[in-house]
Structure formats: structure tokens, C-alpha cells
Amino acid sequence: MIRHLLIVGAGDVALRALPLLLSQYTVHAMFRQSARAEAWRTLGAQVFMADLDHLVPQVLPEADVVLHSAPPGNGGDSDERTRALLAVLAQRPKSPRRIVYISTSGVYGDCRGERVDERRPLQPDSDRGRRRADAERQLQDWCAARSVALVILRAPGIYGPGRFPIARLKAGMPVLQASDDVYTNHIHADDLAAICVRALQDDAPPGVYNASDDSEIRMGDWLDAVADRFALPRPPRIARAEAQGRISPAMLSFMNESRRLINDRLKRELGYALVYPTVHDGLRAAQLARELAHPVEGKR
């Protein structure tokens, strides 16, 4: 029997998952801009145009499973896009069997560098974190009322080819000095894509998972590692007291949160084995790929 997958928020991570998804589903991908849709159509996905901010019920195809990776809007503490999506899905004759939602580890807020598992109460400090927490609550209530399996993936900083902070390093943006620095968490984009594929499978246990790698690294050390790997200057270090006037409010909000995610459930219950267990593994792979694509003359 052909199964139908609806992707809401067809971005980079979902595109990385697409080859595996096409082997298992008829994939329907939602886009706001037709230019981005063409690559998906070429690969074999069924694409359609829709806007979560002005969603028309008739445009959504029937789906057995849903991958929801669309970000919330920019205002307020609630995710009105998720609310609109669920309202339209509620009008369908049949609910999907399963929904997978890519959330953020920002829902935990600042944990002062403590190790954090999925049982940690949500205390988001930022508007973006509060909107994601609201989306999680909406999905949990909606799915529980309809006996729909729900998997929430709390993803931290996503990195990989095309997603390294190269522009930031080239701009010379500062980071906090070691005594003020925060722990930051990461997941390679290819790992997150594969985790989504696993979470969509019928035998994947529903629940909440920290979709993070094994790294325990501070933000400044992460940026130093990227700079070293790509032969760029390391970012300058400054005291937290200086940061207010030299770092953008958006970036400063990330520097106000420190936590170390525990990913035991991801590995034990979801059964996922990380391809890139640490950021250093991901950086080595990126460097090797660059060397293979641009070999040095005479080097074997």
C-alpha cells in the first residue's frame, strides 16, 4: 500500500532526508515560494504552494504521516502557524497516524550548564523558545485527543556543509571569554535528517527526544574549532560586560543560555546511532570532502 507523507517546512534538513523518504512514501511538500519547489519536484516529490499564515483547508493533501519542521512566526509567545495547520488537519476525514515535529532545545531555557534530559521542565527564556514550547503543547494536546503518535525532536544548533558559521568568523564577531562562556549543543544536519526518517517509522516509540550529538563544548571553543578547520582567524574573546554593545540581541540571547543535552533516549529508545558523534567528527568529514572536491596539485 502506498503511504503518503506531508512535509510542512520543506527546508534543508527535510531535503537531506528526501532520498530515503521517497523510497518509503509518496512525498507531498509544502512551499511558500515556487523557486525553492523546483528542486524537490525534480527529485520526485509532489509539491504544492501554501502559506501557513493564510492556510486554505482545501490545499492540504491527505497524509498518513506528517513531518512538521516549519518555524513559528516572529511575533508573540504562541505558534499560530502550528495552530493553523492543526485546525486544517482536524477537518480531514481521517487524522494522520503519526506526526514528527522538529522543535528546539531552546524550550529548556538557561540551565546554567547543567546536563539536561527530556524530563526537564520547560522554562524558555526567549520569545523563540516560548513559541516552540507553545507548538509542542498544541501538538501534544491535539495528538492525544485523536490517538495520533507524536514524536518531538528537540534539536540544538544544526551544522554541516552550508551551515558552518563562516560568515560570522569572517566578520570577526566576538565571543565570550572562557570564564563567561556557555555550553552549546549541536547536531549534524545529515544526522538530524536521518533521525527524522527513523522517527517517522511505525515502530519508532512516540515521545520527546533530545536530537543532539555527544559533544560537550563551549561556544567559543566550537567557533575556534571551525576557524582552525577552515583556516580562518579565531574570533576575539570579550567579557560578558562588554557583550551588550558589541553583539546583536539575537546572538546575545544564545549566549545567555547554557546547557548540556543528554541524548540517551535518542540512542537507546529510538535506536539511532550517530554518524557524527561530535562536532569534531563533522568538521573532519567536511574538511575531507573539501579536499576531495579541490585536491592540491601533486598531492596523493
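Data block above holds the structure.
Okay, so let's go over this structure. (Residues numbered from 1 in each chain as written. Predicted model: local features only at pLDDT ≥ 70, side-chain atom pairs only at ≥ 80, totals over all residues. Heavy atoms only, no water.)

### Structural notes on the overall build of the chain
Stage number 1. Scanning the chain for helices and strands turns up eleven helices and 15 strands.
Stage number 2. For 300 residues, the compact-globule formula gives about 19 Å, and the C-alpha radius of gyration of the chain, at 20 Å, lands near that figure.
Stage number 3. Each of the three principal axes of the chain carries a C-alpha extent, and together these read 55 × 50 × 35 Å.
Stage number 4. Taking the contacts inside the chain whose residues are at least 6 apart along the sequence as the reference set, 77% of them involve residues at least 24 apart.
Stage number 5. Within the structure as shown, the chain displays about 14100 Å² of accessible surface, and the carbon and sulfur contribution to it stands at 52%.
Stage number 6. The distance from the centre of the 41 positive side-chain charges to the centre of the 37 negative ones in the chain is 1 Å. (Helix = DSSP H or I, 4+ residues; strand = E, 2+ residues; numbered from the N terminus. Rg over C-alpha atoms; globule rule 2.2 N^0.38 Å. Contact = heavy atoms within 4.5 Å. Areas by Shrake-Rupley, 256 points an atom, 1.4 Å probe, with all protein chains shown as cover. Lys, Arg positive; Asp, Glu negative; His and termini not counted. Charge placed at Lys NZ, Arg CZ, Asp CG, Glu CD.)

### Points about the packing of aromatic side chains
Both the distance between ring centres and the angle between the ring planes are used here to describe each pair of aromatic rings.
Stage number 1. In the structure shown here, the tally under the stated rule is four aromatic pairs.
Stage number 2. Aromatic side chains Tyr 159 and Trp 222 sit 5.4 Å apart centroid to centroid with 70 degrees between the ring planes, which places their arrangement in the edge-to-face category. Linking Tyr 159 in strand β8 (residues 157–159) with Trp 222 in helix α7 (residues 219–229), this pair joins segments that are 63 residues apart in sequence.
Stage number 3. In this structure Tyr 159 comes out as buried when scored by relative accessible area, which is 1%. (Phe/Tyr/Trp six-rings, centres within 6.5 Å; stacked < 30°, edge-to-face > 60°. Buried < 20%, exposed > 50% of the residue type's maximum accessible area, 1.4 Å probe, protein only.)

### Section: the sheet that holds strand β2 (residues 26–31)
Stage number 1. If you walk across this open sheet you meet the seven strands as β3-β2-β1-β4-β5-β7-β12, and the pairing is parallel. Each edge of the open sheet is held by one strand with a lone partner, namely β3 (46–49) and β12 (207–210). Strand-to-strand, the axes of this sheet are offset by a mean angle of 20 degrees, without reference to chain direction. (Pairing = 2+ DSSP bridges. Axes fitted to C-alpha atoms, helices over the stretch in contact; angles between N-to-C directions.)

### Some words on the pairing of β2
Stage number 1. The buried count for β2 comes to five of six residues, which makes it a mostly enclosed element.
Stage number 2. Across five bridges, strand β1 (residues 4–8) lies against β2 in parallel orientation. Note on β2: the bridge partner recorded for Val 8 is Met 30.
Stage number 3. In the classification by handedness, the crossover that spans β1, the intervening helix α1 (residues 12–22) and the parallel β2 is right-handed. (Right-handed = clockwise from strand over helix to strand, strands pointing away.)

### Some remarks on empty space enclosed by the protein
Stage number 1. Going through the model one piece at a time under the given rule, you end up with one cavity of 30 Å³ or more.
Stage number 2. Here the largest cavity is characterised by a volume of approximately 40 Å³.
Stage number 3. Every residue along the wall of the largest cavity is listed here: Leu 6, Pro 61, Glu 62, Ala 63, Leu 89, Arg 92, Lys 94 and Pro 96.
Stage number 4. Tallied by class, residues from the lining of the largest cavity come to five nonpolar, no polar and three charged. (1 Å grid on protein atoms, 1.4 Å probe; cavity = no way out; pocket = protein on both sides within 12 Å on 5 of 7 lines; lining within 4 Å. Points joined across faces, edges and corners; volume = space filled by probe spheres on them. Nonpolar A, V, L, I, M, F, W, Y, C, P; charged D, E, K, R; others polar.)

### Concerning the side chain of Asp 134
Stage number 1. Among the secondary structure elements, Asp 134 is positioned in helix α4 (residues 127–146).
Stage number 2. The exposure class of Asp 134 is buried, given its relative accessible area of 12%.
Stage number 3. Residues within four places of Asp 134 in sequence aside, it is in contact with Asp 77, Ser 78, Asp 79 and Arg 83.

### Comments concerning α1
Stage number 1. When α1 is considered as a whole, its buried residues turn out to be Val 13, Ala 14, Ala 17, Leu 18 and Leu 21. An end-on view of α1 places all buried positions within 150 degrees of arc, on one side of the element. (Arc of directions from axis to C-beta.)

### Concerning the environment of Gly 207
Stage number 1. Structurally, Gly 207 is set in strand β12.
Stage number 2. Taking the C-alpha atoms as reference points, Gly 207 and Asp 134, 73 residues apart in sequence, are found 16 Å from one another.
Stage number 3. Not counting residues up to four positions away in its chain, the partners in contact with Gly 207 are Leu 150, Val 151, Ile 152 and Arg 265.

### What about helix α3 (residues 80–90)?
Stage number 1. Every buried residue of α3 is accounted for by Arg 81, Thr 82, Leu 85, Leu 86, Val 88 and Leu 89. Mapping the buried residues of α3 onto a view down its axis gives an arc of 160 degrees, with all of them on the same face.
Stage number 2. A side-chain oxygen of the first residue of α3 lies 3.1 Å from the backbone nitrogen of Arg 81; this N-cap is Asp 79. (Polar contact = N/O pair within 3.5 Å; in protein donor to acceptor, adjacent residues only side chain to side chain.)

### A short note on the nonpolar core
Within soluble globular proteins, side chains that are nonpolar generally end up buried alongside one another.
Stage number 1. Judged by nonpolar contacts, the single largest core of 38 residues is most densely connected at Leu 5, Ile 7, Leu 21, Trp 40, Leu 67 and Leu 153.
Stage number 2. Element by element, the count of residues in this core is highest for helix α6 (residues 189–200), at seven residues.
Stage number 3. Not counting residues up to four positions away in its chain, the partners in contact with Leu 153 are Val 100, Tyr 101, Ile 102, Ser 103, Thr 104, Ile 195, Cys 196, Ala 199, Tyr 209 and Ala 211.
Stage number 4. Formed by 25 residues, the second largest nonpolar core is a distinct cluster that contains Leu 6, Leu 89, Leu 139 and Ile 152. (Core = buried A, V, L, I, M, F, W, Y, C linked by side-chain atoms within 4.5 Å.)

### Regarding the side chain of Glu 257
Stage number 1. Structurally, Glu 257 is set in the loop between α9 (249–255) and β15 (260–261).
Stage number 2. Note on Glu 257: relative accessible area 6%, which makes it buried.
Stage number 3. There is a polar contact of 3.0 Å between the side chain of Glu 257 and the side chain of Arg 259.
Stage number 4. With residues up to four places along the chain from it excluded, the contact list for Glu 257 reads Gly 106, Gly 109, Asp 110, Asp 125, Ser 126, Arg 128, Val 182 and Tyr 183.

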